[in-house]
Amino acid sequence: MSNEGTVSIALAGDVFIGKKLPRPGEPGAEPVRALFERMARADMTFINLESPYSERGYPAEKYTFLRSHPSLIDELDEMGVDVVTLANNHMLDYGYDALFDTLSLLDEKGVRRVGAGRNLEEAYAPAIIEKAGVRVAFLGYASTLPLGCAAGEERPGLAPIHVFSAFVLEPSPRTQEQPGTPPPVKTFPLQADITRMQKVVAAAKQEAEVVIIAGHWGLASRYDLAEYQTCVGRALVDAGADVVLGHHSHTLQAVEIYKGKPILYGIGNFIFHELPDVGSPELSYGGVMTPELIKKRMPRQTALFELTVEKDGVVELGFVPASIDDAGNSGLVEGERAEGVIDLVERLSAEFATRITRKDGMGKIVLE
């Protein structure tokens, strides 16, 4: 717990819970429980909840669709979760009924939720929590938007920032020398969505001293960034966000300090249990998707990010190195494995000239 005027916040990545989490004393549970204990010590914990909790609905036309049994909602207690973002590409995998069940279950448990709702207003609504005299507003949005998943004035769904892609077809020595070379891809967000989300951020800033917004964005299983991510992240900071963090890649990605505010482009996987059978593998052009292939593309290295905030914003930011085990759970790592995680984040963040120091086995990000 923090002192008066100071709040600690744990930020964890993508969470898909398909079974009970390890309990104390079970084989292999020690590093997992050690990480959960760190989360429990934080005043607030924020995660991306990657799947709906329901027994209702029908699977969408996708090659991967996720759903958790409603009883597994209690597993959030094992991680000490306070707030979840539901803005992701799997929250409507089983349609509106499964989404509604998820909203109701979270409300019954007292877990705050952002990023999705029964209409656009609810999807945009912040979760505001006050601790130690500091009010923190959480928000969520998605740029990974399966068709029909964006919320509307009278339509359930996700808080959206739509993104468009342009393929640059250029006659050049590169393409002439190697026909079939993939063309460069330019990505850009819909300006109307950016403007609307900036108003949401600015309004939240009027109600809270600190605003943290999670975006589901980028490319899965990639360490590099899509072009639009820097554009969106910086626009949200310009609107008043104190922290922008990203999910969806299932990898750690770069950290940028923009105008003194951290943009965590990808904070990695956190809990990802066995995937269900792939429903439509033929939708994957050029190959057949399988659960094994999807899991293989998810790197083991990850981290738990830890914030310290005061009324004036973020005063400290660090990350605890972790690794995904064979069961799909994150656990603390030490020694060379921990150094390897810090090395990775440092290398990825070099393009933004972000400085990272090391202390007590953690990475510490210099906020300037």
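Model, not experiment: these values are computed from the prediction. (Residues numbered from 1 in each chain as written. Predicted model: local features only at pLDDT ≥ 70, side-chain atom pairs only at ≥ 80, totals over all residues. Heavy atoms only, no water.)

Caption draft 1: Structural context of the overall build of the protein. When helices and strands are counted, the protein shows 9 helices and 20 strands. In summary, the protein has a C-alpha radius of gyration of 20 Å against a globular reference of 21 Å for 368 residues, a match within 12%. Over its C-alpha atoms, taken along the principal directions, the protein stretches across nearly 60 × 45 × 45 Å. In the protein, buried positions account for 55% of the 368 residues. Of all intrachain contacts in the protein linking residues separated by at least 6 positions in sequence, the fraction that spans at least 24 positions is 69%. (Helix = DSSP H or I, 4+ residues; strand = E, 2+ residues; numbered from the N terminus. Rg over C-alpha atoms; globule rule 2.2 N^0.38 Å. Buried < 20%, exposed > 50% of the residue type's maximum accessible area, 1.4 Å probe, protein only. Contact = heavy atoms within 4.5 Å.)

Caption draft 2: The side chain of serine 54, seen in detail. Among the secondary structure elements, serine 54 is positioned in the loop between β2 (44-49) and α2 (76-79). Within polar-contact distance, the side chain of serine 54 engages the side chain of aspartate 101 at 2.6 Å. Look past the residues within four positions of serine 54 in its chain and what remains in contact with it is Arg67, Ser68, Pro70, Asp97, Ala98 and Asp101. (Polar contact = N/O pair within 3.5 Å; in protein donor to acceptor, adjacent residues only side chain to side chain.)

Caption draft 3: Expanded view of the nonpolar core. Grouped together as the largest cluster of nonpolar side chains are 68 residues, with contacts concentrated most on Ile9, Phe138, Ile212 and Phe305. Contact partners of isoleucine 212, with chain neighbours within four places excluded, come to Ile9, Phe46, Val136, Ala137, Phe138, Leu139, Val243, Leu245 and Leu307. Formed by 38 residues, the second largest nonpolar core is a distinct cluster that contains Leu21, Leu99, Leu106 and Ala116. (Core = buried A, V, L, I, M, F, W, Y, C linked by side-chain atoms within 4.5 Å.)

Caption draft 4: Representation of the pattern of salt bridges. This model, assessed by the stated rule, comprises 28 salt bridges. The shortest N-O distance in the salt bridge between glutamate 122 and arginine 118 comes to 3.0 Å. Note that arginine 355 and glutamate 368 form a salt bridge whose closest N and O atoms lie 2.5 Å from each other. Here glutamate 368 lies in the segment after β20 (362-365) and arginine 355 lies in the loop between α9 (335-349) and β19 (356-359), a separation of 13 residues in the sequence. Ionic contacts of the salt-bridge type, sharing partners, join the residues Lys20, Arg23, Arg33, Glu75 and Glu78 into one network. (Salt bridge = Lys/Arg side-chain N within 4 Å of Asp/Glu carboxyl O.)

Caption draft 5: Here's a closer look at helix α3 (residues 95-109). Between its first and last C-alpha atoms α3 spans 22 Å; for 15 residues at 1.5 Å apiece the expected length is 21 Å, and the two agree. Along α3, the positions that sit buried rather than exposed are Ala98, Leu99, Asp101, Thr102, Leu103, Leu105 and Leu106. Where α3 terminates, the next one or two residues include glycine 110, which has phi positive at roughly 85°. (Expected span 1.5 Å × (residues − 1).)

Caption draft 6: Fine view of the pairing of β20. Every second residue of β20 is oriented toward a common face, with Met362 and Lys364 on one face and Gly363 and Ile365 on the other, all of them buried. Both strand β17 (residues 313-324) and β20 contribute to a ladder of 2 bridges, which runs antiparallel. When the sheet's bridge partners are listed, glycine 318 is paired in β20 with lysine 364. As defined by bridge partners, β19 adjoins β20 across 4 bridges and the pair is classed as antiparallel. (Pairing = 2+ DSSP bridges.)

Caption draft 7: Structural view of helix α1 (residues 30-41). Here α1 contains 12 residues, and its C-alpha end-to-end distance of 17 Å stays within 8% of the 16 Å for a straight helix at 1.5 Å per residue. Those residues of α1 lying buried are Val32, Arg33, Leu35, Phe36 and Met39. The buried residues of α1 all sit within an arc of 155° when viewed along its axis, so they share a single face. (Arc of directions from axis to C-beta.)

Caption draft 8: Expanded view of the sheet that holds strand β12 (residues 243-247). Here 6 strands make up an open sheet; going across it, the order is β6-β7-β11-β12-β14-β13 and the pairing mixed. Edge positions in the sheet fall to β6 (127-131) and β13 (255-258), since each of these pairs with one other strand and no more. Strand-to-strand twist in this sheet, taken as the mean axis angle between neighbours without regard to direction, amounts to 20°. As paired strands, strand β11 (residues 210-216) and β12 are joined by 5 bridges and run parallel to one another. The residue bridging isoleucine 212 from the neighbouring strand is valine 243, located in β12. (Axes fitted to C-alpha atoms, helices over the stretch in contact; angles between N-to-C directions.)

Caption draft 9: Expanded view of a nonpolar patch on the surface. Taken together, Phe164, Phe188 and Leu190 make up a surface patch of nonpolar side chains, about 260 Å² in accessible area. Secondary-structure assignment places leucine 190 in the loop between β10 (185-189) and α6 (191-207). (Patch = residues over 30% accessible without salt bridge, like charges linked within 9 Å, V, L, I, M, F, W, Y side chains within 5 Å. Areas by Shrake-Rupley, 256 points an atom, 1.4 Å probe, with all protein chains shown as cover.)

Caption draft 10: Quick look at unusual backbone geometry. Unlike most non-glycine residues, histidine 248 shows phi in positive territory, near 105°. If you trace the backbone, histidine 248 turns up in the loop between β12 and β13. Here alanine 353, not a glycine, exhibits a phi torsion of approximately 60°, which is positive. If you trace the backbone, alanine 353 turns up in the loop between α9 and β19. We classify alanine 353 as exposed; its relative accessible area is 62%.

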